[in-house]
2 protein chains.
Amino acid sequence: MSDSSSCPIPLSDRWRWGSRQAISFLMEQGVDNPDILTLGAGLVDSETLPVEEVGQLVADICSDPVEGRAALQYGSTPGSPRLRAALLKHLAALEGCTPEELGISANQMLLTTGSQQLLSLLCEVLFNPGDIAFVAAPTYFVFLGTLAGVGARAIPIRSDEHGMVIDDLDREIARLAEAGELHRVKLIYLVSDFENPSGICLSAERRQQALAVAQKWSRQQRILILEDAAYRELRYSGEPIPSIWGFDRDRQHVILAQTFSKSFSPGLRVGYGVVPADLAGPLADRKGNEDFGSAHFNQHLLARALESGVYHRHVARVRRAYTIKRDAMLAAADRYFSDIPGVEWVHPDGGLYVWMSLPTEIPTNFDSPLFKHATTAEQVMYVPGYLCYTGPIEERPRHQMRLSFGVLEPGLIDEAMKRLAIAVRKFVGT
Amino acid sequence: MSDSSSCPIPLSDRWRWGSRQAISFLMEQGVDNPDILTLGAGLVDSETLPVEEVGQLVADICSDPVEGRAALQYGSTPGSPRLRAALLKHLAALEGCTPEELGISANQMLLTTGSQQLLSLLCEVLFNPGDIAFVAAPTYFVFLGTLAGVGARAIPIRSDEHGMVIDDLDREIARLAEAGELHRVKLIYLVSDFENPSGICLSAERRQQALAVAQKWSRQQRILILEDAAYRELRYSGEPIPSIWGFDRDRQHVILAQTFSKSFSPGLRVGYGVVPADLAGPLADRKGNEDFGSAHFNQHLLARALESGVYHRHVARVRRAYTIKRDAMLAAADRYFSDIPGVEWVHPDGGLYVWMSLPTEIPTNFDSPLFKHATTAEQVMYVPGYLCYTGPIEERPRHQMRLSFGVLEPGLIDEAMKRLAIAVRKFVGT
């Protein structure tokens, strides 16, 4: 018998494509340095988590054996009909219309383990290796890992203060069409509200323009837009902008992804997608292979939260808490960074992040002197901006930081920003 | 602008490979025919779902704001450390040793959305298209879909009353090695206890033999065994058999998959895997891409259930209830089928299924006269046996049925079996 214990496990190409993701590294950083002040983690505000509300909702569910049993039994692969019905009403309220005017059925709504699973399922059913997705530069780094994991090519498109520059997108697709690669173009990924990491909202004009570009280039096959609206309900100032999905009257081009993770509780891990009718079956097929349904109990709980108004009262409370935290971070940025030459930051109207640019000569990478100094000497943590770009690391912008105001309380946000400014000053002009 | 609304969505190869799964069809049958008596669904007994227990556990969690917030916050990708620690103790009890004697760390335990997600993640990180997995004939049909979804080749190995015939497996691997395909062989899938669908336990001798075969053929690369022990804790008679995982002292070859779905609640959707140390990272990487963690709240709840003894008391209750149901089904089989020539069935010591073979001239397929008659005229539903085999449908055994005693109460099990016997008799001798 051979010595099998020294024998390697032969892993798949797909594992290799998707390995070494930044999110795991970030989570480890948090675990290894429990005393660090983190502006890095994408966790939500713990103080506003709905502990009492969930306790009451579960008590209500479990006080009725019939309802309790139904909630604790298997659900279906696409998810609880009761929650999907409640979500149609909720979506209609967000869209400013009646559920009927949405023009979709509950079958076009798929419940997932966080909206991340919807993003992942979509990539699975859409991409063969080498197929193309367009992403903003910068964009949500976890999605870059998901694209890599299915072997997709992520092509970055420049962003400005109105979000992705759609004229650039149009030109890039034209270039690909010219090169005979239009059949490879499958998806445009847009975080429409308070983009992670930049905090920018895609303007209403750009939203319509993006849809028009997707429609225009859907010649032999449909080009889809994935509208990641994870932060949609976390607006603290300014007026809501209609969703890209809302502009797509035919409901043919846009997948709308939303979640309860940011607005209610990430520990329940319930996200959802609204998808074109002919995509619902393929996504459910794939989900059938992967887990044949997310936790039914949690879906049932959220259905009750929506139906009873508990959810809406809670979101209002969450918004108030985050407004204070955002303002604390922006005030601290003014206080500690405004006199550092070459430092700029975005003032977001919502979401969880402030995107800060340092002078280009100060890299923020995991292996940079700044990162090391910040996380050790100053005990403050951020997400390096280069993670939010695609392509070879040496070619990416390396002087930016994503600063989250989600986790810390306002006083500690001030302290963390103060420490970070101290760390940054050490490298200014060097 | 082209008329994009008539434009097809270009789906991936992987979607195509994994589409049209039997489980979705079965779920639809249940939904479309709410009045049917189902011996088909793999749902668990609703009467024994832990409604009061879950109500109390959540009340305990939410009575402490600190604990409640922790449970409602994001967890980590591999899952709650608290539940993983509790599971080490639980596993040790099942294995008849101390947690230290298990010889593993909590890092080798991965928490998933049901054990199905563990099976799926393993397939993702292991298989390139064309790689080989061995499965018993018959085997768990959902896993056949998962293998198909990653483009794996599922090679069936004959089963007898002791489970998969390992001598046949050894010969098949030898044949593949001869043909230069040993590098394609990656996995042996074994449902060790009360196999779904056959109800058979793999004998202790075969378990050791399977491990020896995996070790023997692990020449250039390791061949893994996936031990699906979903029904392990649902034994109603006979003595427990040591797990394959337990025989693998080096913890190199066996992935042990277990779940709370059958023993506690499928609506919580918590499963887990115990994996070789060098597979934990790759699986977590992949899970990071797919959902970066299953519901933390549910994991926390189950940690408390294990720590408090609630879980163990509940499993004992579940076993008592299923013992009555199994006995009801076996008694009904005797009562209604014993005088039908050529009908045979397995007497399982646990699990949820009785596997019944009809005379070979009576097909049980979805499109068979028997299935149609049973589901319409007699209003009784079963799982056709051909779903549990791989390969071209016309070459598969077509005269078997998986009968679940999980859903119906004992009186209705008797009624359903009576109706099924009436349906079968209609086709005997035709």
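On a predicted model such as this, the values are computed, not experimentally measured, just so you know.

A. Here's a closer look at the overall build of chain A. When helices and strands are counted, chain A shows 15 helices and 14 strands. In terms of C-alpha radius of gyration, chain A reaches 22 Å, essentially the compact-globule figure of 22 Å for 430 residues. Projected onto its principal axes, the C-alpha coordinates of chain A cover approximately 70 × 65 × 60 Å. When burial is assessed residue by residue, chain A has 57% of its 430 residues classed as buried.

B. Representation of the interface of chain A and chain B within the structure. At the junction of the two partners, chain A supplies 86 residues and chain B supplies 86 residues. Considering every element that reaches the side of chain A that touches chain B, the biggest residue donor is helix α11 (residues 277-290) of chain A, with nine residues.

C. Spotlight on the sheet that holds strand β4 (residues 153-160) of chain B. Residues and elements named next belong to chain B. Spatially, the eight strands line up as an open sheet ordered β2-β9-β8-β7-β6-β3-β4-β5, and their pairing is mixed. Bordering the open sheet on either side are β2 (109-113) and β5 (163-164), each of which pairs with just one other strand. When strand β3 (residues 132-137) meets strand β6 (residues 185-190), the two strands line up parallel, connected through four bridges. Bridge pairing links Phe 134 to Ile 188 in β6. Contacting β3, β4, β5 and β6, helix α8 (residues 166-178) runs over the sheet at an angle of about 150° to β4.

D. Region of the structure containing the sheet that holds strand β14 (residues 400-404) of chain A. Residue and element names in this part refer to chain A. Taken together, the four strands give an open sheet; going across it, the order is β10-β11-β14-β13, and neighbouring strands pair in antiparallel fashion. Each having just a single partner strand, β10 (344-345) and β13 (383-384) make up the two edges of the open sheet. Alignment of β13 against β14, held across two bridges, turns out to be antiparallel. Bridging across to β14, Val 383 finds its partner in Arg 402.

E. Quick peek at the relation of the copies chain A and chain B. Least-squares fitting of chain A to chain B yields an RMSD of 0.0 Å, with the transformation described by 0.0 Å of translation along the axis and a rotation of 180°. Look at the turn and shift together and you get a two-fold axis relating the two.

F. Main features of the environment of Arg153(A). Residues and elements named next belong to chain A. Here Arg 153 lies in strand β4 (residues 153-160). On a C-alpha basis, the gap between Arg 153 and Ile 132 in space is 4.8 Å, while along the polypeptide they are 21 residues apart. The contacts of Arg 153, once residues within four sequence positions are left out, are Gly 130 and Ile 132.

G. Seen up close, the packing of helix α5 (residues 81-95) of chain A against helix α12 (residues 296-308) of chain A. All names here are of chain A. Direction vectors running N to C along α5 and α12 enclose 35°, while the axes themselves pass 8 Å from each other. As α5 packs across α12, the resulting crossing turns out to be left-handed. Where α5 abuts α12, its residues Arg 82, Leu 83, Ala 86 and His 90 lie against Gln 299, His 300, Leu 302, Ala 303, Leu 306 and Glu 307. Tallied by class, the residues present in the contact of α5 with α12 amount to five nonpolar, three polar and two charged.

H. The arrangement of the domain arrangement of chain A in detail. Residues and elements named next belong to chain A. Domain annotation of chain A identifies domain 1 (13-49 + 314-425) and domain 2 (70-308). For domain 1 and domain 2, the distance between their C-alpha centres works out to 25 Å. With 32 residues of domain 1 at the contact, the number on the domain 2 side is 33 residues. When grouped by side-chain class, the residues that make up the side of domain 1 that touches domain 2 number 18 nonpolar, nine polar and five charged.

I. Main features of α12(A). Residues and elements named next belong to chain A. Counted at 1.5 Å a residue, the expected span for α12 with its 13 residues is 18 Å, and the 18 Å between its end C-alpha atoms agrees. The complete set of buried residues in α12 reads His 296, Phe 297, Asn 298, Gln 299, His 300, Leu 301, Leu 302, Ala 303, Arg 304 and Ala 305. Tucked inside the fold, the buried residues of α12 contact α3 (51-62), α4 (65-72), α5, β2 (109-113), β9 (270-274) and α13 (310-337). Phi turns positive one or two residues past the end of α12, at Gly 309, with a value near 90°.

Calculation criteria
For every chain, the first residue of the written sequence is number 1, and numbering continues from 1 onward in sequence order. By the order in which they are written, chains take letters starting at A while ligands take numbers starting at 1. Side-chain atom pairs in this predicted model are given and counted only at pLDDT of 80 or more, local residue features only at pLDDT of at least 70, and totals for whole chains, interfaces and linings cover all residues. A run of H or I in DSSP counts as a helix once it spans at least four residues, and a run of E counts as a strand once it spans at least two, with each numbered from the N terminus. The size measure is the radius of gyration over C-alpha atoms, and the globule rule it meets is 2.2 Å times the number of residues to the 0.38 power. The burial criterion counts other C-beta atoms lying within 10 Å of a residue's C-beta, which is placed from the backbone; the residue is buried at 20 or more, exposed at 12 or fewer, and partly exposed between these limits. Residue pairs are scored as contacts if the distance between their C-beta atoms, which are placed from the backbone, is within 7 Å. At least two bridges found by DSSP between two strands are what make those strands a pair. Axis lines are fitted through C-alpha atoms, for helices just across the contact stretch, and the angle between N-to-C directions can take any value from 0 to 180 degrees. Least squares is used to superpose the copies, and the fit set is the C-alpha atoms of residues whose pLDDT is at least 70 in both copies. By the definition used in this description, the sense in which the near helix is turned from the far one sets the handedness, with an anticlockwise turn below a right angle giving left-handed and a clockwise turn giving right-handed. Only Asp, Glu, Lys and Arg are considered charged in this grouping, and only Ala, Val, Leu, Ile, Met, Phe, Trp, Tyr, Cys and Pro are considered nonpolar; every other residue, Gly among them, is considered polar. Each domain's limits were defined by an automated method or a database of domain assignments. Here the expected span of a helix is defined as 1.5 Å times the quantity of residues minus one.

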